[in-house]
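Each chain, letter by letter, is given below.
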Amino acid sequence: MQDPIIIIGAGLAGWTTVRELRKLEPSTPVLLITADNGDFYAKPSLSNALQQKRTPAQLVTTPAAKMAETHSVRVLAHTRVLAIDPATRTLQTSGGDFQYSQLVLATGAQPIRVPLAGDAADQVQSINSLDDFTSFYQRLTCADQADGQLERRPRQVLIMGAGLIGCEFANDLAASGYGVAVVDPAAGPIAALLPQAASAQLQQALADLGVRWHFGVTVKALNWAPAQAAEAGADANAAPALQVELSNGALVFVDIVLSAIGLKADLSLAQAAALVCERGVVVDATLQSSSPGIYALGDSAQYAGGRTLPYVMPIMSAARALAATLAGTPTAVVFPLMPVAIKTPALPIVVAAPKPGTAGEWRSEEPGLWQFIDEEQHMRGFVLSGKQSARRAEQGKLVQV
Ligand code: FAD
């Protein structure tokens, strides 16, 4: 019997590859192996679910069994791949060994964890999956559920990291009535991607919602709050349980600490199989790794040109090209301009960032519109904020990629 194409991972990269492959190859055997339950959900919905009043269960678009049936694939859920042997095209998993004809690594990336001092350091949460969001949601809402009525004081969340994901959660939580503090060593939100003036606009818009910013500092320690100190900072009915010490010595009392400081691909599986890895599994234009027949895409991949692209749109382009390659026509992926819409309804922002390392400067053309102009006076990116964010198609046509 023909060995299946095996896809590891049931995130957007894994499932989109399945969907694109089935358009070209309706009957080639495909086995999808995943450590989670395999349900299909859109990960971006995790950072705006509260305002949309969607529970974690409501975020599942299609259960794994239905995905398997629709796309005629076998799904092995709750199964972790432990080792890859490229020589014999064999996978060792927690559910036994499997032979593959071609292999796709769609294993994503994992939250970066910084070591913190303190007796509650292990209480830091990150959200990079529906399971993570479910446990965060339970902690956020547990007091309401416990006594069947809304809690008397809003629960307080401290977010580590004022990047794109940190700001989206800050907006979602603050607009849903929770107290939010954000801590970041930079001077403003999304400072790595946005021109300073756009960052300042976002800072003000989220402050207007009640977000308390702590810039130029980091979280140093996390401890269980001494009872009397916590009560001084909140209603005594349910004092915040955690005491966060910042690098400037300030203390912040909260119920939950959410880390949003970035992701890093876990490359141990690929490295043990001797695949070339840098910040991700290094792939060529056809998404093939250094080992023939093994491909990678999504958050686990480092694309040709040394770029990691941890966003949804690159996955769509990559999955289409990879499906053609898996179906027998080696196809190079071509990434179009891929603007990212930042989900901060307090100030909607669209960013089309220039390629990393492009020399040039942001120029403000009119309120809410910035263009990145390189040294040859070519436009290489743009940022739109507020009402201007509707102009992404028009600005996109002006960018020279
Ligand atoms: P993942 O979704 O991480 O999937 C990895 C899969 O691999 C999982 O199923 C996991 O169980 C499995 N796996 C890993 N290791 C193993 C193993 N050894 N064995 C078996 N299975 C394994 N991007 C945008 O463009 N726009 C947005 O608005 C946006 N919002 C976001 C909001 C949040 C909160 C987050 C966290 C990300 C957001 N992103 C956004 C980024 C985007 O969602 C990701 O780039 C994308 O979902 C990554 O998909 P993936 O399939 O590569 O990885």
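1. Observations concerning the packing of helix 1 (residues 12-24) against helix 8 (residues 312-326)
(1) Moving on: Across the interface, helix 1 lies against helix 8 with an axial gap of 8 Å and an inter-helix angle of 40°. Classified by the angle their axes make, helix 1 and helix 8 are oblique. Remark: the crossing between helix 1 and helix 8 carries right-handed chirality. Touching L12, A13, T16, T17, R19, E20, L21 and L24 of helix 1 are V312, I315, M316, A319, R320, L322, A323, A324 and L326, all from helix 8.
(2) Moving on: Here the contact of helix 1 with helix 8 is built from residues that sort into twelve nonpolar, two polar and three charged.

2. Concerning the pattern of salt bridges
Pairing is possible between side chains that carry opposite charge, provided their charged atoms lie close to one another.
(1) Moving on: In total, this model carries eight salt bridges according to the counting rule given.
(2) Moving on: Among the ionic pairs, E20 bridges to R19, the shortest N-O distance being 3.8 Å.
(3) Moving on: Note on E20: relative accessible area 7%, which makes it buried.
(4) Moving on: Here E361 makes a salt bridge to R363, at a shortest N to O gap of 2.9 Å.
(5) Moving on: The class of E361 is partly exposed, set by a relative accessible area of 42%.
(6) Moving on: On the accessibility criterion, R363 (30% relative accessible area) is partly exposed.
(7) Moving on: Each of the salt bridges in this network shares a partner with another, and the network as a whole consists of R19, E20 and K23.

3. Focus: the site of the ligand
(1) Moving on: Taken together, 30 residues surround the ligand, and among them A13, D36, D299, V312 and K343 come closest.
(2) Moving on: The contact in question runs from an oxygen atom of the ligand to an N or O atom on the side chain of T34, over 3.1 Å.
(3) Moving on: Between the ligand and V312, the relevant distance is 2.8 Å, taken from an oxygen atom to a main-chain nitrogen or oxygen of the residue.
(4) Moving on: In the complex, 90% of the free accessible area of the ligand, which totals 1000 Å², lies under the protein chains.
(5) Moving on: Put simply, the parts of the chain that give the shell around the ligand at least two residues each are helix 1, helix 4 (164-175) and helix 8.
(6) Moving on: At three residues, helix 4 tops the list of elements feeding residues into the shell around the ligand.
(7) Moving on: Looking at the shell around the ligand residue by residue, the class counts come to 15 nonpolar, nine polar and six charged.

4. Examining the packing of aromatic side chains
(1) Moving on: Evaluated as defined, the whole model comprises six aromatic pairs.
(2) Moving on: Ring centres 6.4 Å apart and planes at 40° place the aromatic pair F133 and F136 in the tilted group. Placement of the pair is F133 and F136 together in helix 3 (residues 130-147), with a separation of three residues, close to one helical turn.
(3) Moving on: For F133, a relative accessible area of 1% gives the class buried.
(4) Moving on: On the basis of relative accessibility, which here comes to 1%, the residue F136 falls in the buried class.
(5) Moving on: What links up through ring pairs into an aromatic cluster is the set F133, F136, Y137 and F169.

5. Here's the deal with the sheet that holds strand 25 (residues 360-366)
(1) Moving on: Here we have five strands laid out as an open sheet, ordered 23-24-27-26-25, and antiparallel in their pairing. Since the sheet does not close on itself, it has two edges, and those belong to strand 23 (340-342) and strand 25, each with one partner. Recorded for the sheet is a direction-independent mean angle of 20° between the axes of neighbouring strands.
(2) Moving on: Here strand 23 pairs with strand 24 (residues 349-352) via three bridges, running antiparallel. In the sheet register, I342 faces strand 24, and the bridge partner there is I349.
(3) Moving on: Helix-sheet contacts for helix 5 (residues 196-208) involve strand 24, strand 26 (369-374) and strand 27 (379-385), and the interaxial angle to strand 26 is about 155°.

6. Concerning the domain arrangement of the protein chain
By convention, interface size is frequently given as the accessible area that disappears when the constituent parts associate.
(1) Moving on: According to the domain assignment, the protein chain contains domain 1 (5-110 + 263-326), domain 2 (121-259) and domain 3 (348-396).
(2) Moving on: The C-alpha centroid of domain 3 is placed 32 Å from the C-alpha centroid of domain 1.

Thresholds applied
- Residues numbered from 1 in each chain as written.
- Predicted model: local features only at pLDDT ≥ 70, side-chain atom pairs only at ≥ 80, totals over all residues.
- Heavy atoms only, no water.
- Axes fitted to C-alpha atoms, helices over the stretch in contact; angles between N-to-C directions.
- Helix = DSSP H or I, 4+ residues; strand = E, 2+ residues; numbered from the N terminus.
- Parallel < 35°, antiparallel > 145°, perpendicular 65-115°, else oblique.
- Left-handed = near helix turned anticlockwise from the far one by under 90°.
- Contact = heavy atoms within 4.5 Å.
- Nonpolar A, V, L, I, M, F, W, Y, C, P; charged D, E, K, R; others polar.
- Salt bridge = Lys/Arg side-chain N within 4 Å of Asp/Glu carboxyl O.
- Buried < 20%, exposed > 50% of the residue type's maximum accessible area, 1.4 Å probe, protein only.
- Near = heavy atom within 4 Å.
- Polar contact = N/O pair within 3.5 Å; in protein donor to acceptor, adjacent residues only side chain to side chain.
- Areas by Shrake-Rupley, 256 points an atom, 1.4 Å probe, with all protein chains shown as cover.
- Phe/Tyr/Trp six-rings, centres within 6.5 Å; stacked < 30°, edge-to-face > 60°.
- Pairing = 2+ DSSP bridges.
- Domains from an automatic or database assignment.

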